[in-house]
Protein chains: 2
Amino acid sequence: MTLLQHNRPISVLAVDDHPLILEGIAAVFEGMSEMNLVGACDGRQALALYQQHLPDVTLMDLQMPGVSGLEAIELIRQYDPHARIVVLTTYKGDVHALRAIKAGAVGYVLKNMMRTDLLETIRGVHAGHRRIPAEVAMELAEYMSEVSLTPRETEVLKLAAVGKSNKRIGAGLDISEDTVKVHMKNILAKLHAADRTHAVTIAVRRGILQF
Amino acid sequence: MTLLQHNRPISVLAVDDHPLILEGIAAVFEGMSEMNLVGACDGRQALALYQQHLPDVTLMDLQMPGVSGLEAIELIRQYDPHARIVVLTTYKGDVHALRAIKAGAVGYVLKNMMRTDLLETIRGVHAGHRRIPAEVAMELAEYMSEVSLTPRETEVLKLAAVGKSNKRIGAGLDISEDTVKVHMKNILAKLHAADRTHAVTIAVRRGILQF
DNA sequence: ACGCGCATCCCTCCATCGGGTGACTGCCAG
DNA sequence: CTGGCAGTCACCCGATGGAGGGATGCGCGT
């Protein structure tokens with residue numbers, strides 16, 4: 001497969017809702033014969049452009065309004081299970097990183113990395129490798145042990161976050177206060193939280209609750 | 001003053017810790033005679049490059065590790081009260097937006113805006129105007145009525161956020177539990193929160209607490 | 001000198017919270 | 001079909017939280 005690299009350039013699709021970032025990416029590829037940018041768009045048009053161009057590698061921002069990068073990744077991988085997708089995000093501690101990897105992303109580039117890192121990752125991913133930076137991998141490892149709350153527990157915590165008492169949470173979910181207390185106890189245990197307030201901050205930090 | 005624009009290009013300094021964004025900005029200015037980019041760097045070198053180039057307009061990202069964009073703005077305005085600084089940020093709901101304006105920023109550009117918006121803002125700011133997009137101005141208006149917590153209240157809430165009880169907060173701050181309760185009561189009143197948990201979510205949303 | 005905001009401390013009172021324990025249902029996988 | 005898990009409900013109890021009330025001192029600006 002590496003032979004192909006010499007025959008035709010690696011085609012790249014960039015998905016980001018920031019025109020400035022797209023300009024930057026385009027600038028990186030400018031004048032390169034090894035790769036070329038076949039398209040650039042935001043999340044909504046990601047799948048359509050993928051189907052149209054069938055790029056070798058797709059660069060995908062995670063933080064986008066409307067269709068999230070996560071959804072876009074899932075849609076593309078659903079359409080083409082062999083799609084090579086590289087996540088392009090701002091923060092290494094991105095709470096969606098793990099989900100992106102699970103969704104099928106095979107590369108991960110931080111926006112504060114150099115252009116050479118970007119190019120190197122694209123080459124590696126195109127050659128069939130996974131390219132996850134060590135610092136990101138370590139972040140991921142922490143979240144791998146991520147205890148997931150049950151749907152019910154998430155609902156309870158969501159209401160607790162906006163100041164509802166156990167009684168009012170019960171009223172809101174149409175269950176008894178006692179049941180709410182059970183859920184809350186389990187939440188505290190799972191998150192290793194001292195109290196409901198702590199649980200909310202932990203959940204926000206982990207992306208369980210979107211504030 | 002508009003005559004100057006024809007005599008020499010508007011000099012622009014770009015400050016952002018993302019090389020990709022800097023590439024994008026550079027790409028926007030490429031081949032333009034009206035303006036030219038005199039420098040690009042991250043937050044730490046912002047002041048030094050400002051002093052070196054004395055640009056007409058400075059583009060400043062707010063979200064940066066180490067020296068924040070906010071600090072950089074303050075440092076530059078301290079050095080040169082007439083500095084024309086345009087904030088360049090990702091989210092219109094940026095909690096630091098108000099502080100940036102207060103710190104002396106005279107323009108505000110969202111990264112999801114088009115290059116023409118960026119250029120237009122630079123022209124406007126250079127001509128001596130303030131350029132704050134309507135949608136941002138409206139966001140700002142909401143935060144204008146921002147109730148600010150006292151330093152002590154912030155400390156109390158910060159400890160409450162990580163699950164400390166009033167008693168332990170008192171121990172941590174070396175004050176009595178009763179005093180903590182008074183602070184907490186004032187916090188709840190100021191934020192219109194139902195309880196401490198709600199107060200924390202509100203504070204996080206407003207950027208009072210950085211999660 | 002006065003007011004005012006901030007911070008400190010003290011008291012009472014009651015609702016709420018969180019831990020412990022136990023038990024019943026429904027469902028799905030082994 | 002038997003276990004495990006999610007969800008439900010119940011009761012007890014000690015600790016905590018939040019709403020009142022009132023009080024002192026300190027600094028700061030007018």
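As recorded in an unreviewed UniProt entry, chain A goes by Transcriptional regulatory protein DegU and comes from Amantichitinum ursilacus.

Participant: I'd like a description of the packing of helix 2 (residues 19-29) of chain B against helix 6 (residues 115-126) of chain B, backed by residues and values.
Facilitator: Residue and element names in this part refer to chain B. Where helix 2 contacts helix 6, the two axes come as close as 11 Å, and the packing angle between them is 75°. Judged by the inter-axis angle, helix 2 sits roughly perpendicular to helix 6. Between helix 2 and helix 6, the contacting residues are Ala 27, Val 28 and Phe 29 on the first element and Arg 115, Leu 119 and Ile 122 on the second.

Participant: I'd love a proper account of the protein's contact with DNA strand D, names of residues and values included.
Facilitator: Close to DNA strand D lie 18 residues, the nearest being Thr 150, Arg 152, Ser 176 and His 183 of chain A together with Lys 181 of chain B. Here the atoms of DNA strand D within 4 Å of the protein split so that 63% fall in sugar or phosphate, with bases taking the remainder. Within the side chain of Thr 179 of chain A, one N or O atom sits 3.0 Å away from a phosphate oxygen of DNA strand D. Note that a phosphate oxygen of DNA strand D is positioned 3.2 Å from one of the backbone N or O atoms of Asn 166 of chain B. Elements with a contribution of two residues or more to the surface near DNA strand D: helix 8 (151-161) and helix 10 (177-191) of chain A together with helix 9 (166-173) and helix 10 (177-191) of chain B.

Participant: Which residues make up the pattern of salt bridges, and what values do they have?
Facilitator: When their charged atoms lie close together, side chains carrying opposite charge are able to pair. Across all of its chains, the model carries eleven salt bridges over all chains by this definition. Here Arg 131 of chain A makes a salt bridge to Glu 120 of chain A, at a shortest N to O gap of 3.6 Å. Of the two residues, Arg 131 of chain A is situated in the loop between helix 6 (115-126) and helix 7 (134-144) and Glu 120 of chain A in helix 6; the sequence distance between them amounts to eleven residues. For Arg 131 of chain A, a relative accessible area of 29% gives the class partly exposed. Residue Glu 120 of chain A is classed as partly exposed on the basis of its relative accessible area, which comes to 38%. Here Glu 120 of chain B and Arg 123 of chain B are joined by a salt bridge, their closest N and O atoms 3.2 Å apart. Residue Glu 120 of chain B and its partner Arg 123 of chain B are both found in helix 6; the two are separated by three residues, about one turn of the helix. Overall, the relative accessible area of 26% leaves Arg 123 of chain B in the partly exposed class. Each of Glu 34, Glu 120, Arg 123 and Arg 131 of chain A takes part in salt bridges that share partners, so that together they form one network.

Participant: Please give an account of the domain arrangement of chain A that cites residues and values.
Facilitator: Under the domain assignment, chain A is made up of domain 1 (3-143) and domain 2 (151-206). With centres defined by C-alpha atoms, the gap from domain 1 of chain A to domain 2 of chain A works out at 36 Å.

Participant: Before we move on, can you summarise the relation of the copies chain B and chain A with the specific residues and values?
Facilitator: Relative to chain A, chain B is turned by 180° and slid 0.2 Å along the rotation axis, the superposed coordinates differing by an RMSD of 0.3 Å. On this basis, the relationship between the two copies can be described by a two-fold rotation axis. Closest approach to the rotation axis among the C-alpha atoms of chain B is made by Gly 24 of chain B, whose C-alpha sits 1.7 Å away.

Participant: Got a sec to walk through the interface of chain B and chain A? Specific residues and values, please.
Facilitator: Taken together, the contact pairs 35 residues of chain B with 35 residues of chain A. With both sides pooled, the region where chain B packs onto chain A buries about 2,800 Å², and carbon together with sulfur makes up 65% of that total. There are one salt bridge connecting chain B and chain A. When contributions to the side of chain B that touches chain A are tallied by element, the ones reaching two or more residues are helix 2, helix 6, helix 8 (151-161) and helix 11 (196-206) of chain B. At eight residues, helix 2 of chain B tops the list of elements feeding residues into the side of chain B that touches chain A. Classifying every residue of the side of chain B that touches chain A gives 18 nonpolar, nine polar and eight charged.

Participant: Quick one: what's the story with the nonpolar core, residue by residue and with numbers?
Facilitator: By size, the foremost hydrophobic cluster in this structure holds 92 residues, and its most contacted members are Ile 73 and Ile 122 of chain A together with Ile 73 and Ile 122 of chain B. For Ile 73 of chain A, the residues in contact, after removing those within four places along its chain, are Met 60, Leu 62, Ile 85, Val 87, Ala 100, Ala 103 and Ala 105 of chain A.

The rules we used
- Position numbers for residues start from 1 in each chain and track the written sequence from start to end.
- All chains are assigned letters beginning at A, and all ligands numbers beginning at 1, according to the order in which they are written.
- Owing to the predicted nature of the model, reporting of local features is limited to residues with pLDDT of at least 70; listing and counting of side-chain atom pairs is limited to 80 or more, with chain, interface and lining totals taken over all residues.
- Calculation of side-chain values draws on the structure's entire complement of heavy atoms; hydrogens and water are dropped beforehand.
- Every angle, taken between N-to-C directions, lies between 0 and 180 degrees, and every axis is a line fitted to C-alpha atoms, over only the stretch in contact when it is a helix.
- Comment: elements are numbered from the N terminus, with helices defined as DSSP H or I runs of at least four residues and strands as E runs of at least two.
- For classification purposes, angles smaller than 35 degrees are called roughly parallel, those larger than 145 roughly antiparallel, those between 65 and 115 roughly perpendicular, and all remaining angles oblique.
- Contact between two residues is taken to exist if any of their heavy atoms lie within 4.5 Å; hydrogens are not considered.
- When at least one non-hydrogen atom of a residue lies within 4 Å of a molecule or strand, that residue is treated as near it.
- Under this definition, polar contacts are N or O atom pairs within 3.5 Å; protein pairs additionally need one hydrogen-donor-capable and one acceptor-capable atom, and for neighbouring residues in sequence, both atoms have to be side-chain atoms.
- By convention in these notes, a salt bridge is any Lys or Arg side-chain nitrogen within 4 Å of a carboxyl oxygen on Asp or Glu.
- Note on classification: 1.4 Å probe, protein chains only; a residue is buried when its accessible area is under 20% of the maximum for its type, exposed when over 50%, partly exposed between these limits.
- Boundary definitions for the domains trace back to an automatic or database domain assignment.
- Copy-to-copy superposition: least squares on the C-alpha atoms, limited to residues that have pLDDT of at least 70 in both copies.
- Here the quantity called buried area is the total loss of accessible area, with a 1.4 Å probe, experienced by two parts when brought into contact, counted for both.
- Think of it as three bins: nonpolar holds Ala, Val, Leu, Ile, Met, Phe, Trp, Tyr, Cys and Pro, charged holds Asp, Glu, Lys and Arg, and polar takes everything else, Gly as well.
- Among buried residues, those of type Ala, Val, Leu, Ile, Met, Phe, Trp, Tyr and Cys that are joined through side-chain atoms within 4.5 Å constitute a nonpolar core.

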